[in-house]
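# Residue-level structure breakdown
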Amino acid sequence: MSIEIKNVSKTFGSYKALDNVSLTIADGELVTLLGPSGSGKTTLLRIIAGLESPDGDESKVLFDGENVAQQSVGSRQVGFVFQHYALFKHMTVFENIAFGLRVRPRSQRPSREKIAAKVNELLKLIHLENFGARYPAQLSGGQRQRVALARALAIEPRVLLLDEPFGALDAKVRQGLRDWLRRLHEEIHVTTILVTHDQEEALEVADRVVVMNQARIEQVGPPAEVFHHPKTEFVMDFLGQVNVFRGRVEQGQAVVGGVRIDAPAMVGAPAHADRTGDTKVYVRPHDLQIARHMNGAPALAATITRINPAGAVAKVALATAEGEAIQVDVPFEKFRELGLEKGEQVYVAAKQARVFAPEYEI
Amino acid sequence: MSATLTDKRRAVRDPHWLRGLMIGGTLLAAGLLLLLPLAVIFIEAFRDGWRGYLESFNDPYAWQAIRLTIIAAAVAVPLNLVFGLVASWAIAKFDFFGKSFLISLIDLPFAVSPVISGLVYVLMFGLQGWLGPWLSANNLQIIFAAPGIILATVFVTFPFVARELIPLMQEQGSEEEQAALSLGASGWQTFWRVTLPNVKWALLYGVILCNARAMGEFGAVAVVSGHIRGKTNTLPLHIELLYNEYNSRAAFAMASLLALLGVATLAVKTIIEWRLRQVQLASLEPSTVEPS
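Residues numbered from 1 in each chain as written. Chains lettered and ligands numbered in written order. Predicted model: local features only at pLDDT ≥ 70, side-chain atom pairs only at ≥ 80, totals over all residues. Heavy atoms only, no water.

## Quick look at the domain arrangement of chain B
One frequent convention defines the size of an interface as the accessible area lost when the parts assemble. One can read the domain layout of chain B as domain 1 (2-41) and domain 2 (48-288). Each of domain 1 of chain B and domain 2 of chain B was reduced to a C-alpha centroid, and the two centroids are 35 Å apart. (Domains from an automatic or database assignment.)

Dropping the structure here:
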């Protein structure tokens, strides 16, 4: 089912949670809503579900072109998965999953056998075949969340809505569930919206990422696009680590401390206008290179303050003479080759940088 | 190794004499102040043996008092059950203006002396009261009659159920209800299948305490009853009447009924608390398997 959100706003008292947000989600797509807490992502999800109602009449939520803004949550046929599972504590796993079928009006309710068959099928899908008789309290967090997902899937939802579903789980379980969710989505292909504040999760799972900040959508696009071509400073900053330098813009290039760095403009946008003033220049840690000696290319001199080689890349922290901190990711092979030591003075060069047009230019 | 362990235990343990004093003192106080009076009731009631005990019940006034007490409880408890559920639902699941005021208001009967609450009803519904002329014109009697007793009982038992449910429901939040609604359940189905089962033990606990108080209430009922023998006496009032007439055997026999009710209440309460603990323990039980 396709979903269209048109001019949706929501205020709680004097607090604006959503400010005129519009978004289109195609049938069968897996979209993540990514943003810091308070960005409005959960509110948007709850409005799509019908657990919250948007302000005013101009706010529209269309399911397959039909406006459901006035429909109750029960009639929208959405599968909602809560961060803290919200399983029915007093019911077994089996009863939890069967709930949505049991509460249907008599005329639409499947027979006992059909319900049992459906539940068993779902138990298999979540790899908990022998856990039907258990109570939620007897399950681990990851198992509970899978039961919650199965319960939501039992009603054959038109859309699956997941509110930070893996937020309360530890890193290892989270990774496992993330992969499993991706595979599950390829299998059943139900339109899915997942809310998260974990950028890694958002980029890994989604077909498209919606980055939200302060009640607005900052950027929408495939994971690679939002990561490599962030449209705004916020997106650049929020998706992964970034070094921020003070500099200026000259002839489409960023200039930091006398060093010129290529700063490609957005596709289709005009080249950056010159800016003499105080401009923020963003460089990702993996876009920086460390060299022992000046090799002719312009570079910044800096001293290594800390090295963390535990990982696929070695994370090297440096400080310039002015005390500005720089973070560089060095590929492990390269790191071994250089044999860097704490306290050494080295030269840092940038492959590319990014500057953003000031707000009022957009 | 084991020696250091016991040393450590000894280090955080209070001396024996202190433990003995604390435990002994508590037991002595409980025995003297709680257990002894309870024993006296039964000893006095059975002073003339079983026969004498049963004879005390051979009194139509006694049966009338028992009946009125049961009627008052039978009205007050279900009323408070419904009210308690509604109020705690409203307080736990909705945000509205004056919520904290409402919570304090529910506690009012705990804060006000029962005698005062009885008096308020007399001032409202009595012959000289605000509504007195209208009531007597319509031939309705509330004060010095069963309705007044029921009203007073409802008033004093008002907080019991709500007080038990509000903290529990607030802690549970409304996510399970939202989940039920999103799965297509109606409001009624959500209440019966999700909300009620989640609070059933606390609800039962509240009802039991409410019932014990409804049957045992003296102060408020005494004011509105008028002590009309065979008409407006409840069991506690009847006991006082018998005692004032120096009929202590009958007084204690009646008192034994209320005492038994109290003991039974405590027994059920203990069982429920044990059940609640079991439920909590079960929720702490770790999962045995973590499949892929």
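## Brief notes about the nonpolar core
Residue and element names in this part refer to chain A. Ile3, Leu44, Phe63, Phe99 and Leu161 are the most contacted members of the largest nonpolar core, which totals 40 residues. For Phe63, the contacting residues outside a window of four places in its chain are Met1, Ser2, Ile3, Ile48, Val68, Arg76, Val78, Arg158 and Val159. Counting 35 residues, the second-largest nonpolar core is a separate cluster that includes Ala148, Leu162, Phe166 and Leu169. (Core = buried A, V, L, I, M, F, W, Y, C linked by side-chain atoms within 4.5 Å. Buried < 20%, exposed > 50% of the residue type's maximum accessible area, 1.4 Å probe, protein only. Contact = heavy atoms within 4.5 Å.)

## Looking at a nonpolar patch on the surface
The grouping of Leu28(B), Leu32(B), Leu33(B), Leu34(B), Leu36(B) and Val40(B) at the surface amounts to a nonpolar patch, some 620 Å² of accessible area in total. Here Leu36(B) shows up in helix H2 (residues 16-45). (Patch = residues over 30% accessible without salt bridge, like charges linked within 9 Å, V, L, I, M, F, W, Y side chains within 5 Å. Areas by Shrake-Rupley, 256 points an atom, 1.4 Å probe, with all protein chains shown as cover. Salt bridge = Lys/Arg side-chain N within 4 Å of Asp/Glu carboxyl O. Helix = DSSP H or I, 4+ residues; strand = E, 2+ residues; numbered from the N terminus.)

## Considerations on the pairing of strand S12 (residues 253-256) of chain A
Residue and element names in this part refer to chain A. In the sheet, strand S11 (residues 243-250) pairs with S12 via three bridges, with the strands oriented antiparallel. Across the sheet, Glu250 pairs through a bridge with Gln253, a residue of S12. The hairpin turn running from S11 into S12, its antiparallel successor, is two residues long, and Gln251 in that turn takes a positive phi close to 50°. Looking at chain direction, S12 and strand S13 (residues 259-262) are connected through four bridges and run antiparallel. Bridge pairing links Val255 to Arg260 in S13. Connecting the antiparallel pair S12 and S13 is a turn made up of two residues, with Gly257 showing a positive phi of about 50°. (Pairing = 2+ DSSP bridges.)

## Some words on the interface of chain B and chain A
Taken together, the contacts link 25 residues of chain B with 31 residues of chain A. Here chain B packs against chain A, burying approximately 2400 Å² in sum over the two surfaces, 55% of which is carbon and sulfur. With a shortest N-O distance of 2.6 Å, Glu176(B) and Lys89(A) are connected by a salt bridge. Run the count over chain B and chain A and you get four residue pairs in polar contact (both at pLDDT 80 or more). Residue assignment for the side of chain B that touches chain A shows that the elements contributing at least two residues are helix H11 (175-182), helix H12 (187-216) and helix H15 (248-284) of chain B. (Buried area = accessible area lost by both parts, 1.4 Å probe. Polar contact = N/O pair within 3.5 Å; in protein donor to acceptor, adjacent residues only side chain to side chain.)

## Thoughts on the pairing of strand S8 (residues 191-196) of chain A
Residues and elements named next belong to chain A. Most of S8 sits inside the fold, with six of its six residues counted as buried. Residues of S8 alternate between two faces, with Thr191, Ile193 and Val195 on one and Thr192, Leu194 and Thr196 on the opposite face, all of them buried. In the sheet, strand S3 (residues 30-34) pairs with S8 via five bridges, with the strands oriented parallel. For Val31, the partnering residue across the bridge sits in S8 and is Ile193.

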